[in-house]
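Take a look at the letters that make up each chain.
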Amino acid sequence: MSFTLAIVGRPNVGKSTLFNRLVGKRLALVDDQPGVTRDLREGAARFGDLNFTVIDTAGLEDATDDSLQGRMRKLTERAVDMADVCLFMIDARAGLTSTDRELAELLRRRSGNVLLAANKSEGRAADAGILEAYELGLGEPLRISAEHGEGMGELFAALAPLA
Ligand code: GDP
Ligand code: MG
């Protein structure tokens, strides 16, 4: 049995960085083609001996502030409905924002299966943000660094039971 993982969270927390790490670099190039915009990117992840589908919520980077909240909410809802499990990502260096708290509320209502990932967790600059993440009521945050590949063992251990 395989499963579908949706990586959700506000722009710039590192969703695509993790997506690319799980799926490989080839798909990321699709976004660089002129005129190609995709709101949801789907890829086949290979992670140790796990094979699963991963969805990245993209296409928000060009939104204006006015349209961002609504679009992000709709996109996140679509991703949640397609997924068996959601990885809700926050930026541990930035700390929680009101958008993080709103999306966490959406996930608590809509998804039966949410993992919380505190990304950019390399180094001490993330310590306060990791503590703050407990306030979201989504359980213990997985301390990861998508860019540096840290915390991947813990992420793997959290996903393995779903396969
Ligand atoms: P997205 O908008 O959520 O898809 O975020 P991106 O994957 O595009 O990443 C946003 C920025 O955060 C980029 O400059 C990344 O290089 C950076 N980033 C991603 N993961 C990490 C991380 O683990 N640590 C740090 N310090 N920066 C990261
Ligand atoms: Mg992205």
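Residues numbered from 1 in each chain as written. Chains lettered and ligands numbered in written order. Predicted model: local features only at pLDDT ≥ 70, side-chain atom pairs only at ≥ 80, totals over all residues. Heavy atoms only, no water.

Per an unreviewed UniProt entry, the recorded name for the chain is GTPase Der, and the organism is Poseidonocella sedimentorum.

Below, the discussion takes up the overall build of the chain. The secondary structure content of the chain amounts to five helices and six strands. Beginning at the N terminus, the succession of helices and strands in the chain can be written as β-α-β-β-α-β-α-β-α-β-α. Here the chain, with 163 residues, has 50% of them falling under the buried criterion. Considering only contacts in the chain between residues 6 or more positions apart, those separated by 24 or more positions represent 69%. In the structure as shown, the chain presents an accessible area of about 8300 Å², 48% of it carried by carbon and sulfur atoms. (Helix = DSSP H or I, 4+ residues; strand = E, 2+ residues; numbered from the N terminus. Buried < 20%, exposed > 50% of the residue type's maximum accessible area, 1.4 Å probe, protein only. Contact = heavy atoms within 4.5 Å. Areas by Shrake-Rupley, 256 points an atom, 1.4 Å probe, with all protein chains shown as cover.)

Phe-88, Ile-90 and Leu-136 are the most contacted members of the largest nonpolar core, which has 26 residues in total. Elements that contribute at least two residues to this core include exactly strand 1 (4–8), helix 2 (65–82), strand 4 (85–91), helix 3 (98–110), strand 5 (114–119) and helix 4 (127–133). With 24 residues, the next largest nonpolar core counts Leu-5, Phe-52, Leu-87 and Ala-117 among its residues. (Core = buried A, V, L, I, M, F, W, Y, C linked by side-chain atoms within 4.5 Å.)

Here we take up the site of ligand 1. Asn-12, Lys-15, Thr-17, Glu-122 and Glu-147 are the nearest of the 15 residues found near ligand 1. At 2.5 Å from an oxygen atom of ligand 1 is found a side-chain nitrogen or oxygen belonging to Glu-147. Protein contact buries 75% of the 580 Å² of open area that ligand 1 shows by itself. Top contributing element to the shell around ligand 1 by residue count: helix 1 (residues 15–23), with three residues. Classifying every residue of the shell around ligand 1 by side-chain character gives three nonpolar, six polar and six charged. (Near = heavy atom within 4 Å. Polar contact = N/O pair within 3.5 Å; in protein donor to acceptor, adjacent residues only side chain to side chain. Nonpolar A, V, L, I, M, F, W, Y, C, P; charged D, E, K, R; others polar.)

Of all eight residues that make up strand 3 (residues 50–57), six are buried, and the element is covered over most of its length. As paired strands, strand 1 and strand 3 are joined by four bridges and run parallel to one another. In the sheet register, Thr-4 faces strand 3, and the bridge partner there is Thr-53. Pairing geometry for strand 2 (residues 40–47) and strand 3, over eight bridges, is antiparallel. Counterpart to Gly-43 in the pairing with strand 3 is Val-54. Hairpin connection between strand 2 and strand 3: a loop of two residues separates the two successive antiparallel strands, and Gly-48 in this loop has a positive phi of roughly 60°. (Pairing = 2+ DSSP bridges.)

A word on the packing of aromatic side chains. Within a pair of aromatic rings, the relevant descriptors are the distance that separates the centres and the angle that separates the planes. All chains considered together, the criterion is met by two aromatic pairs. Ring geometry for Phe-47 and Phe-156: centres 5.4 Å apart, planes at 80°, overall edge-to-face. Within this pair, whereas Phe-47 is found in strand 2, its partner Phe-156 is found in helix 5 (residues 152–159), the two being separated by 109 residues in sequence. Judged by its relative accessible area of 12%, Phe-47 falls in the buried class. (Phe/Tyr/Trp six-rings, centres within 6.5 Å; stacked < 30°, edge-to-face > 60°.)

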